[in-house]
Amino acid sequence: MCMVIFAPIFAICAFATCGGYYGHLQVKVDCADRSQSNTSINIDFGYPFRLHEVHFKAPVCEARREEVIFLDGNFSSSAQFFLTVGVFAFLYSLLATIVYVFYQKKYLRNNRGPLVDFVVSVIFSSMWLVSSCCWAKTLSDIKTATNPTQVLLLISACRTQENKCTASQEPLWSRLNTSALFGFVNVVLWTGNIWFVFKETGWYKTGQRYPTRSASGKRSSEMRHRLYSESSFDQPVEGFAPQLSRQESFNQQVSRQGSFNQAQVNLSLPHTYLGQPIIYEGENKVASQGPMIFINEM
């Protein structure tokens, strides 16, 4: 969704702020002999920043004539590359928006649409990164080449200390700075879009269907298997459980039969009477009397 909404907008902002730039620089030359005083020199430059083709006329104070001076540097390659990436990114994102909205079923059919979108997103993210870095470096070089101090050194009259040279107006760089910023925003946008497109491919779905276990997961499963195998030796085997239960039931029946027979034997014994026992200390002397037992003979 972020691709559909923001990619065309930021692409337009990137190449529009770079391609439509025009800079203006104005310097003044005041000769010491007053032959040419307060001479204003206007220097205009812009995209594609072929500064070696930008020229202006400056006075020569000693000879009372003018000389033609060219600026230094040709920065068209980086600027054009940045603008080209922006234009193609805008066209592709616009096409992708139409496909997402109106041809969603055909896009997901046979997994071809997500795969193509994934590859193109990787290509554009890398191209945005390279072009933005090159454009940021080129912008720094353009600022150096059009610096008023650097331009005044190109004028022969300004290299003489008696003459007075000043910069009355400097270029505004806010627009170009914004274009470089939009370039890096596109890098982040397209790089983030790679993940969302990857989730729609068959590679991500295959990984979700057959997840791979980590090393820690394998170790924990092995430990659980070992503990289970060790505990299985301590417990009785399930196959012999019925036999053990039968043996226990047989022993219980035998014990019950024995207790029943013992009860019958006890019933056949003569009746007894418990009294106090008699303890003799000497001959025919009773020391204490305890419980006494009388047996009735049958």
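About the criteria used
- The written sequence of each chain sets the order in which its residues are numbered from 1.
- Selection of residues for local features in this predicted model requires a pLDDT of at least 70, selection of side-chain atom pairs for listing and counting requires 80 or more, and totals for whole chains, interfaces and linings are taken over all residues.
- The side-chain numbers reported here are obtained from all heavy atoms of the structure, hydrogens and water having been left aside.
- Paired strands, as defined in this entry, are two strands with at least two bridges between them according to DSSP.
- The helix count covers DSSP runs of H or I at least four residues long, the strand count covers runs of E at least two residues long, and both are numbered beginning at the N terminus.
- Between N-to-C directions, angles cover 0 to 180 degrees, with each direction set by a line fitted to C-alpha atoms, over the stretch in contact for helices.
- Cysteine sulfur atoms that come within 2.5 Å of each other are treated as a disulfide pair.
- Under the scheme applied here, a residue whose accessible area is under 20% of the maximum for its type counts as buried, over 50% as exposed, and between as partly exposed, the area being computed with a 1.4 Å probe on protein chains only.
- Expected span of a helix, by definition, is 1.5 Å for each gap between consecutive residues, and there is one gap fewer than residues.
- By the criterion applied in these results, polar contacts are pairs of N or O atoms within 3.5 Å in which, for protein atoms, one can donate a hydrogen and the other can accept it, and in which residues neighboring in sequence qualify only through two side-chain atoms.
- Any pair of residues with heavy atoms lying within 4.5 Å of one another is described as a contacting pair.
- Side-chain rings of Phe, Tyr and Trp, where Trp is taken by its six-membered ring, are said to pair if the distance between their centres is within 6.5 Å; with planes under 30 degrees apart they count as stacked, over 60 as edge-to-face, and otherwise as tilted.

Asks: What exactly am I supposed to notice about the sheet that holds strand β1 (residues 22-30) here?
Replies: Hydrogen bonds between backbone groups are what pair the strands of a sheet, and the pairing can be parallel or antiparallel. Spatial strand order, β2-β1-β5: three strands in an open sheet with antiparallel pairing. Each having just a single partner strand, β2 (39-46) and β5 (164-169) make up the two edges of the open sheet. Neighbour-to-neighbour, the strand axes of the sheet open up by a mean angle of 25 degrees, direction not taken into account. Relative to β5, β1 runs antiparallel, the two sharing five bridges. What sits directly across from D30, in β5, is K164.

Asks: Honestly, the state of the cysteines in this entry has me stumped. Any pointers?
Replies: In a disulfide, the sulfur atoms of two cysteines are covalently bonded to one another. Applying the stated criterion across every chain yields a total of two disulfides. The disulfide partner of C31 is C61, and the gap between their sulfur atoms is 1.9 Å. Looking down the S-S bond of the C31 and C61 bridge, the torsion is -75 degrees, so its handedness is left-handed. Of the two residues, C31 is situated in the loop between β1 and β2 and C61 in the loop between β3 (55-60) and β4 (65-70); the sequence distance between them amounts to 30 residues. Exposure class is identical for C31 and C61. Each is buried. Disulfide pairing places C158 opposite C165 at an S-S distance of 2.1 Å. What sets the handedness of the C158 and C165 disulfide is the S-S torsion sign, and at about -95 degrees it is left-handed. Taken as a pair, C158 and C165 share a single burial class, namely buried.

Asks: Explain helix α6 (residues 174-198) here, please?
Replies: Structurally, the α-helix is built with 3.6 residues per turn, so residues lying three or four positions apart point the same way. For α6, built from 25 residues, the straight-helix expectation of 36 Å at 1.5 Å per residue is met to within 8% by its first-to-last C-alpha distance of 37 Å. Within the span of α6, buried status applies to L176, S179, A180, F182, G183, N186, V187, L189, W190, N193, I194 and V197.

Asks: I keep staring at the side chain of Q26 and nothing clicks. Help me out?
Replies: Residue placement: Q26 occurs in strand β1. Here N42 takes part through its side chain, which lies 3.3 Å from a polar atom of the side chain of Q26. Every residue in contact with Q26, bar those within four places of it in the chain, is listed here: S40, I41, N42, A167, S168 and Q169.

Asks: Explanation requested: the packing of aromatic side chains in the structure shown.
Replies: We describe a pair of aromatic rings using the distance from one ring centre to the other and the angle between the two ring planes. Applying the stated criterion across every chain yields a total of 16 aromatic pairs. With a centroid separation of 6.1 Å and an interplanar angle of 35 degrees, the aromatic rings of F45 and W173 are classed as tilted. Taken as a pair, F45 in strand β2 and W173 in the loop between β5 and α6 lie far apart in primary sequence, 128 residues in all. When its relative accessible area of 3% is taken as the criterion, F45 is described as buried. Clustering of aromatic rings is evident, with ring pairs tying together Y21, F45, Y47, F49, F82, W128, W135 and W173.

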